[in-house]
Amino acid sequence: MSFASLGLNAAILKAVEKQGYDTPSAIQAQAIPAVLAGQDVMAAAQTGTGKTAGFTLPILELLSKGSRAQRGQVRALVLTPTRELAAQVQESVATYGVNLPLKSAVVFGGVSIIPQLAALRNGVDILVATPGRLLDLCQQKAISFNKLEILVLDEADRMLDMGFIRDIKKVLALLPAQRQNLMFSATFSDEIRELAKGLVNNPVEISVTPRNATANTVTQCVYPLDKTRKSMALIELINTNDWKQVLVFSRTKHGANRLAKSLDAANIKAAAIHGNKSQTARTKALADFKAGTVQVMVATDIAARGIDIDQLPFVVNFDLPNVPEDYVHRIGRTGRAGATGQAVSLVGLEEVKLLHDIERLIKRTIERKQLPGFEAPFTIPEAGSRSGGHKANSVKKPNPNRSKHAQQANTAQGDKPARQYDSRQQARSKDGQPQGANKPKAAGNRAEAIANGNKPPQRNRPPRRSGTGGSANSGTPASKGGVNPYANAKVKS
Ligand code: AMP
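Fair warning: this is a prediction, and the values are worked out from it, not measured in the lab.

Draft legend 1. Expanded view of the overall build of the protein chain. Helix and strand counts for the protein chain stand at 17 helices and 17 strands. Each of the 493 residues in the protein chain was classed as buried or not, and the buried ones make up 56%. Here the analysis covers contacts within the protein chain between residues at least 6 apart in sequence; of these, 77% occur between residues at least 24 apart. A total of about 20800 Å² of accessible surface is found on the protein chain, and carbon and sulfur atoms cover 50% of it.

Below, the structure written as structure tokens:
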């Protein structure tokens, strides 16, 4: 199948071709004709399936046929849960609409509202927005929706997870009843179906992944690790495998900061992004990461949502997520649209249950590996085994109360969970060499210093590898190859 056969006009086809896409992905092949036919759509598609183009391309086609937006008017509204996703969706709108006379804008919180007011004044054909800022702008009477033709709810599941349901309902109340509705969600939970009832009308249902499946272009593995050695192990993995562009997930904002510091101290250029960082800092970190001047980006789940970097090769779960579905979202950052990727999870003894929950959700056992010099004093059985984690015989059994106390102590230190996903994680680092039991004292001191966020003692090491980052760049077309990641698309009317 070709894009031309889907009914898109020459100006859009030219822009698509410029991106290097030759074959529509499964979601695109199903969604584009349905949207062009004016139907409501409810699509289960995780990030990485090409869903953004799946709704952007037909919206551009439909809007290019009608008359332009009038002063203060919006013709199509795309709601997204995060600022990053909003910015990326608008980037796609601009990219695919480059040859069309349509105007688009993006609005989100955390930045000045003034330029946004100015951008909306003369009307925009497509507005991409996060719910909170959109409501602020509505209150200031900066936008009118009475000519709205199309509404898109992108990553609806995440909107609900992030507590946007009331904001969404407030926005819906402002929209004309007669409109086309498109809803995209990684999964169709009961909650999502409930939301859909009041939103979509006799929708075409599209599903391009079996519920909670992980893309099979991603190789996944798990390293059982003593949690105090996770940072050192990560440094070892990055250095020995020469990983150039790594997205690392941390459950907590503090954990993300500490880990970025440890990596920096080990001469691996890293940046942390999370909700406590300003929008400017987040945008800069993402740009540096895309450009390759930052080798590792350490992110919390919410901050990482919507990060779209073509062919992101490596994703590391420094901590496993508390919510198993987040594992699917996280590793959806790699192996996108047919490219291969690697997802590595560092799993402490106290995370074995979380791992088993994930394995039950994705219906597969993730391969266990050992990192030489970092062998854990426990093994992880398959999900369904009676005990959580097996200790290796020769190793002293850790006191389970200790970790419980440690957790309580951490909470007492005010390292408050960031929304429902956060918990505390210790970050430590090492000097880039595999560490066995007979670790030299100097190396230990260095690791200690790094762990405490101090400058480590000097030692001889090869020059810093900063600036040699990955090839990916948001402005560069990926080598698209036209591979559909999911062959099992199905459409229900
Ligand atoms: P999305 O699921 O919308 O986040 O898209 C994931 C990635 O797939 C983006 O980097 C797109 O540039 C890329 N992509 C979208 N459509 C196609 C296609 N038909 N062929 C190849 N790559 C695509």
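Draft legend 2. How the structure looks around the nonpolar core. If you look at the biggest cluster of nonpolar residues, it comprises 41 residues, and the most contacted ones within it are Leu-57, Ile-59, Ile-126 and Leu-182. Ranked by residue count, the leading element in this core is helix α3 (residues 51-65), at seven residues. When near neighbours in sequence (up to four residues on either side) are disregarded, Ile-59 contacts Ala-76, Ile-126, Ile-150, Val-152 and Leu-182. The next biggest cluster of nonpolar side chains, apart from the first, holds 40 residues, and it includes Leu-77, Leu-120, Ala-129 and Ala-156.

Draft legend 3. The arrangement of unusual backbone geometry in detail. Notably, Lys-141 is not glycine yet its phi reads approximately 55 degrees, a positive angle. Assessed through its relative accessible area of 71%, Lys-141 is described here as exposed. We note that Asp-242 has phi near 55 degrees; this positive angle belongs to a residue other than glycine. Structurally, Asp-242 is set in the loop between α10 (230-241) and β9 (246-249).

Draft legend 4. Structural view of the pattern of salt bridges. This structure, assessed with the given rule, holds 19 salt bridges. One salt bridge in this structure joins Arg-75 and Asp-125, with 3.0 Å as the shortest N-O distance. One end of the pair, Arg-75, is in strand β2 (residues 74-79); the other, Asp-125, is in strand β4 (residues 124-129), with 50 residues separating them in the sequence. The same class applies to Arg-75 and to Asp-125, which are both buried. Two residues, Arg-158 and Asp-161, come together in a salt bridge whose shortest N-O distance is 3.8 Å. Taken as a pair, Arg-158 and Asp-161 lie in helix α7 (residues 156-161) at a separation of three residues, close to a single helical turn. Given a relative accessible area of 1%, Arg-158 falls into the buried group. Salt bridges sharing partners connect three or more residues here, namely Lys-51, Asp-154 and Glu-155.

Draft legend 5. Just the packing of aromatic side chains, in detail. Summed over the entire model, instances satisfying the criterion amount to three aromatic pairs. With a centroid separation of 4.8 Å and 20 degrees between ring planes, the pair formed by Trp-243 and Phe-314 is classed as stacked. Here Trp-243 is found in the loop between α10 and β9, whereas its partner Phe-314 is found in strand β12 (residues 314-317), with 71 residues between them in sequence. With respect to burial, Trp-243 and Phe-314 carry one shared label: buried.

Draft legend 6. The sheet that holds strand β13 (residues 341-347), seen in detail. Read from one edge to the other, the open sheet built from seven strands follows the order β10-β11-β9-β12-β13-β8-β14, with strand pairing classed as parallel. What marks the edges here is a single partner per strand, and that holds for β10 (270-273) and β14 (367-368). Against the sheet, helix α12 (residues 279-291) contacts β9, β10 and β11 (296-299), and its axis sits at roughly 145 degrees relative to β11. Strand contacts of helix α14 (residues 324-331): β8 (218-224), β9, β12 and β13, with the helix running at about 155 degrees to β12, the strand carrying the most contacts.

Draft legend 7. Structural view of the environment of Ala-118. As for its placement among the helices and strands, Ala-118 is situated in helix α5 (residues 114-121). Among the residues examined, Ala-118 registers a relative accessible area of 39% and is labelled partly exposed. Sequence separation between Ala-118 and Ala-142 is 24 residues; the distance between their C-alpha atoms is 8.9 Å.

Draft legend 8. Molecular detail of the environment of Ser-345. With respect to the secondary-structure elements, Ser-345 resides in strand β13. Separated by 121 residues in the primary sequence, Ser-345 and Pro-224 have C-alpha atoms spaced 8.4 Å apart. Residues in contact with Ser-345, not counting those within four places in the same chain, are Cys-221, Val-222, Tyr-223, Asn-317, Leu-320 and Tyr-327. In terms of polar contacts, Ser-345 uses its side chain to reach the side chain of Asn-317, at 2.9 Å.

Draft legend 9. Region of the structure containing the packing of helix α4 (residues 83-96) against α12. Direction vectors running N to C along α4 and α12 enclose 55 degrees, while the axes themselves pass 11 Å from each other. Here α12 runs oblique to α4, going by the angle between their axes. For α4 against α12, the interelement crossing comes out right-handed. Counted together, Arg-83, Glu-84 and Gln-88 of α4 and Gln-279, Arg-282, Leu-286 and Lys-290 of α12 form the full contact between these two elements. A breakdown of the residues in the contact of α4 with α12 according to their chemical character gives one nonpolar, two polar and four charged.

Draft legend 10. Representation of the pairing of β10. The side-chain alternation of β10 yields two buried faces, one formed by Ala-270 and Ala-272 and the other by Ala-271 and Ile-273. Pairing between β10 and β11: four bridges, direction parallel. When the sheet's bridge partners are listed, Ala-271 is paired in β11 with Met-297. With α12 bridging β10 and the parallel β11, this β-α-β connection has right-handed handedness.

Procedures and definitions
- Residues numbered from 1 in each chain as written.
- Predicted model: local features only at pLDDT ≥ 70, side-chain atom pairs only at ≥ 80, totals over all residues.
- Heavy atoms only, no water.
- Helix = DSSP H or I, 4+ residues; strand = E, 2+ residues; numbered from the N terminus.
- Buried < 20%, exposed > 50% of the residue type's maximum accessible area, 1.4 Å probe, protein only.
- Contact = heavy atoms within 4.5 Å.
- Areas by Shrake-Rupley, 256 points an atom, 1.4 Å probe, with all protein chains shown as cover.
- Core = buried A, V, L, I, M, F, W, Y, C linked by side-chain atoms within 4.5 Å.
- Salt bridge = Lys/Arg side-chain N within 4 Å of Asp/Glu carboxyl O.
- Phe/Tyr/Trp six-rings, centres within 6.5 Å; stacked < 30°, edge-to-face > 60°.
- Pairing = 2+ DSSP bridges.
- Axes fitted to C-alpha atoms, helices over the stretch in contact; angles between N-to-C directions.
- Polar contact = N/O pair within 3.5 Å; in protein donor to acceptor, adjacent residues only side chain to side chain.
- Parallel < 35°, antiparallel > 145°, perpendicular 65-115°, else oblique.
- Left-handed = near helix turned anticlockwise from the far one by under 90°.
- Nonpolar A, V, L, I, M, F, W, Y, C, P; charged D, E, K, R; others polar.
- Right-handed = clockwise from strand over helix to strand, strands pointing away.

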